[in-house]
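The residues making up each chain are set out below.
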Amino acid sequence: MTKDTAQAKEDMAAAKDQATKCPPTSKQCMSDLAGNGQEQKDGMAKTQQQLDNIHPAPEDNASTVISGTCDAFAAELPAALTAMVDASELTRVCEVMNP
C-alpha cells in the first residue's frame, strides 16, 4: 500500500466514524459536521441588499415614442385616405388615439 492510499483509508474511516456518531436528526451534530450555512446566509443577505438598492428610474420617453409612431402612421395608410386629408391631421388623429 502506498502512503496516499493509507491516508485515504484513514480519512474515510474517520469520516465514517463521524457520520455514524452523528444521527441526521441531530441539528447540532449536523451543524458541527457541515457547518451552519453562515457563509451562504451572508451571501444571500448581501445579494438581497444589492437588489433592494436597485431602483430604476422611469424614463419620460413615451411622447417621443408616440410621436415617432404617429409620424409613420400617415405613411402606412392607403393613398386614397391620405389624399383626402392632410398628413398633419392624420398625425393628430394618431396622437389622440394614443394619449
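Just so you know, these numbers come straight off a predicted model, no measurement behind them.

**So, the overall build of the protein chain**
Logical step 1: Within the protein chain, the secondary structure is distributed over six helices and zero strands.
Logical step 2: For the protein chain, the N- to C-terminal ordering of α and β elements is α-α-α-α-α-α.
Logical step 3: When the 99 residues of the protein chain are sorted by exposure, 6% land in the buried category.

**Regarding the confidence of the model for the protein chain**
Logical step 1: The share of residues in the protein chain with pLDDT of 70 or more is 82%, and the mean pLDDT across the chain is 77.
Logical step 2: Taken element by element, the protein chain is modelled with least confidence in helix α4 (residues 62-76), mean pLDDT 70, and with most confidence in helix α3 (residues 38-52), mean pLDDT 89.

**Description of helix α6 (residues 87-97)**
Since the α-helix packs 3.6 residues into each turn, any two residues three or four apart lie on the same face.
Logical step 1: Inspection of α6 places Leu90, Thr91 and Cys94 among the buried residues, and these make up the whole buried set. Buried residues of α6, seen end-on, are gathered within an arc of 100 degrees and therefore sit on one face of the element.

**Brief notes about the environment of Asp32**
Logical step 1: In this structure, Asp32 sits in helix α2 (residues 27-34).
Logical step 2: We classify Asp32 as exposed; its relative accessible area is 56%.
Logical step 3: Along the backbone, Asp32 and Cys22 are ten residues apart, and their C-alpha atoms lie at a distance of 9.4 Å.

**Focus: a nonpolar patch on the surface**
Logical step 1: Among the surface-exposed residues, Leu81, Met84 and Val85 lie close enough to one another that they form a single nonpolar patch of about 280 Å² accessible area.
Logical step 2: Positionally, Leu81 belongs in helix α5 (residues 79-84).
Logical step 3: The exposure class assigned to Leu81 is partly exposed, which follows from its relative accessible area of 40%.

Cut-offs used in this document
Residues numbered from 1 in each chain as written. Predicted model: local features only at pLDDT ≥ 70, side-chain atom pairs only at ≥ 80, totals over all residues. Heavy atoms only, no water. Helix = DSSP H or I, 4+ residues; strand = E, 2+ residues; numbered from the N terminus. Buried < 20%, exposed > 50% of the residue type's maximum accessible area, 1.4 Å probe, protein only. pLDDT = per-residue confidence, 0-100. Arc of directions from axis to C-beta. Patch = residues over 30% accessible without salt bridge, like charges linked within 9 Å, V, L, I, M, F, W, Y side chains within 5 Å. Areas by Shrake-Rupley, 256 points an atom, 1.4 Å probe, with all protein chains shown as cover. Salt bridge = Lys/Arg side-chain N within 4 Å of Asp/Glu carboxyl O.

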